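# Survey of secondary and tertiary structure
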Amino acid sequence: MPTLPGQPDTFGALQAMQSLILSECLVGGQSPFAPLLSADAARYGVARAVFVGRPKDFSDAYLPQCCIYLPPSAHADTIQLAGFAGRARSTFDAHVLLLVDQRSDWYAAEQQILTLRDALWPVLLRHAQLGGNVPAVTASEALAGRGLCYEQVAGVQYRCFEAIWRIHQEWQIAGGRVL
Amino acid sequence: MIWTTVRVERPEGTVLSRGVPVQIESASGDGERLDFADARPYDLFWLYTTQGVPLVPLRRRDVLFDEINADPETSQPAKYRIVSAVETFENDHQEALCERVVGG
């Protein structure tokens, strides 16, 4: 049995999701997400607009865009001890939000968001452990989220799709529980 | 209130024009506001062009960079995004409501 890590790795899990979406959520063999300007590519460590979190400084140049974020909800996170030896389990629901621009042609945006949705689902469903590179992640599963929806940012409405990627993590508290 | 010039980008990263003279004044007055499920804090500003209507008129979603003044919280050029319909007064001037994201 593999050694469990000493703590969860939530950011690592989100980065693994980001990496899988960048490499496997493809349309016509290419990532459909907007390329980042060089400064932002250096800041975020990725070449395209697939973000961990919701960017504070939203940019229209980065559409289509994907945001993988943890919502501020008490129901999106669970944690429990498994026995007395200090093994712990947690689950979080990451929301995967896709945004496209519908300003100049809503019907083109409608087709675009459906295309992105269909490219995203197989990625979410395919991986049982987010690619296996995050030791704390024991399982991942896809769930329906808000589905097709709208988001308003800076006074502008965008066409969106949102799904949930549920991640299970397990780790061993170093030295076990203490008094 | 400040008098300055702005660089206009549409979308951000694509320069449309430079040196557009404007007057900028706060429209908030009551602390930062929140957007995008609270992820995007911003302050509100009114922006007025001061030498007529620009050759390429301003419009909603344009991103304007102050060419003289820095954002005091980021030390980067202050950046404003037009968030509503721009009002144009014949050949006199334009007025635009803008948001400036708080921090970086």
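Parameters at a glance
- Residues numbered from 1 in each chain as written.
- Chains lettered and ligands numbered in written order.
- Predicted model: local features only at pLDDT ≥ 70, side-chain atom pairs only at ≥ 80, totals over all residues.
- Helix = DSSP H or I, 4+ residues; strand = E, 2+ residues; numbered from the N terminus.
- Buried ≥ 20, exposed ≤ 12 C-beta atoms within 10 Å, placed from the backbone.
- Contact = placed C-beta atoms within 7 Å.
- Expected span 1.5 Å × (residues − 1).
- Arc of directions from axis to C-beta.
- Nonpolar A, V, L, I, M, F, W, Y, C, P; charged D, E, K, R; others polar.
- Core = buried A, V, L, I, M, F, W, Y, C linked by C-beta atoms within 7 Å.
- pLDDT = per-residue confidence, 0-100.
- Pairing = 2+ DSSP bridges.

With that settled, consider the overall build of chain A. When helices and strands are tallied, chain A shows three helices and six strands. Listing every helix and strand of chain A by position from the N terminus yields α-α-β-β-β-β-α-β-β. Overall, the C-alpha framework of chain A stretches about 60 × 30 × 30 Å when taken along its three principal axes. A buried classification covers 37% of the 179 residues belonging to chain A. When contacts within chain A are restricted to residue pairs at least 6 apart in sequence, those whose partners lie at least 24 apart make up 65%.

Another aspect to go through is the overall build of chain B. What chain B contains, in helices and strands, is zero helices and eight strands. Sequence-ordered secondary structure for chain B, helices as α and strands as β, is β-β-β-β-β-β-β-β. Looking at chain B alone, contacts between residues at least 24 apart form 54% of all its contacts between residues at least 6 apart.

Before going further, it helps to spend a moment on helix 3 (residues 106–126) of chain A. Residue and element names in this part refer to chain A. The terminal C-alpha atoms of helix 3, which comprises 21 residues, lie 31 Å apart, in line with the 30 Å expected from a rise of 1.5 Å per residue. Of the positions making up helix 3, those classed as buried are Ala 109, Gln 112, Ile 113, Leu 116, Leu 120, Val 123 and Leu 124. Down the axis, helix 3 shows its buried residues gathered within 100 degrees of arc, on one side only. More than 90 degrees from the buried face of helix 3, the exposed residues found are Tyr 107, Gln 111, Asp 118 and Arg 126. For helix 3, the elements touching its buried residues are helix 1 (10–24), strand 4 (87–101), strand 5 (137–153) and strand 6 (156–172).

So, about the interface of chain A and chain B. The interface of chain A with chain B comprises twelve residues on the first partner and 14 residues on the second. A class-by-class count of the residues in the side of chain A that touches chain B yields six nonpolar, two polar and four charged.

Residue and element names in this part refer to chain A. Of all hydrophobic cores here, the largest spans 62 residues; its most connected members are Met 17, Cys 66, Ile 68 and Leu 98. In terms of residue count, strand 4 provides more of this core than any other element does, seven residues in total. Dropping the residues within four chain positions of it, Leu 98 is found in contact with Pro 64, Cys 66, Ile 113, Leu 116, Leu 120, Cys 160 and Phe 161.

All right, on to the confidence of the model for chain B then. For chain B, the average pLDDT comes to 95, and 100% of its residues sit at 70 or higher. Our summary of model confidence lists the complex with pTM equal to 0.93 and ipTM equal to 0.88.

This paragraph deals with unusual backbone geometry. Looking along the chain, the bond that leaves Leu63(A) and enters Pro64(A) is cis, with omega of 0 degrees. Turning to its location among the elements, Pro64(A) is positioned in the loop between strand 1 (50–52) and strand 2 (65–69). Here the residue pair Arg10(B) and Pro11(B) is connected by a cis peptide bond, since its omega of -10 degrees sits within 30 degrees of zero. With respect to the element layout, Pro11(B) can be found in the loop between strand 1 (2–9) and strand 2 (15–26). Backbone geometry places Glu90(B), a non-glycine residue, at a positive phi of 40 degrees. Tracing the backbone shows Glu90(B) in the loop between strand 7 (87–89) and strand 8 (93–101).

Bringing the pairing of strand 5 (residues 63–70) of chain B into the picture now. Residue and element names in this part refer to chain B. One ladder, built from four bridges, connects strand 1 with strand 5; its direction is antiparallel. By the bridge assignment for strand 5, Val 8 is matched with Leu 64. As defined by bridge partners, strand 5 adjoins strand 6 (residues 77–82) across four bridges and the pair is classed as antiparallel. If you follow Leu 64 over to strand 6, its bridge partner there is Tyr 80.

What follows covers helix 1 of chain A. For an α-helix, 3.6 residues make a turn, and residues three or four places apart therefore share a direction. Residue and element names in this part refer to chain A. Spanning 15 residues, helix 1 covers 21 Å between terminal C-alpha atoms, matching the ideal 21 Å at 1.5 Å per step. Within the sequence span of helix 1, burial applies to Ala 13, Leu 14, Ala 16, Met 17, Gln 18, Leu 20 and Ile 21. Those residues of helix 1 that are buried lie in contact with strand 1, strand 2, strand 4, helix 3, strand 5 and strand 6.

Here we take up the pairing of strand 6 of chain B. Residue and element names in this part refer to chain B. For strand 6, a buried count of five out of six residues is recorded, marking the element as mostly surrounded by other parts of the structure. Count of turn residues in the strand 5/strand 6 antiparallel hairpin: six residues, of which Ser 75 carries a positive phi of about 65 degrees. Relative to strand 8, strand 6 runs antiparallel, the two sharing two bridges. Bridging from a neighbouring strand, Ile 82 pairs with Cys 98 of strand 8.

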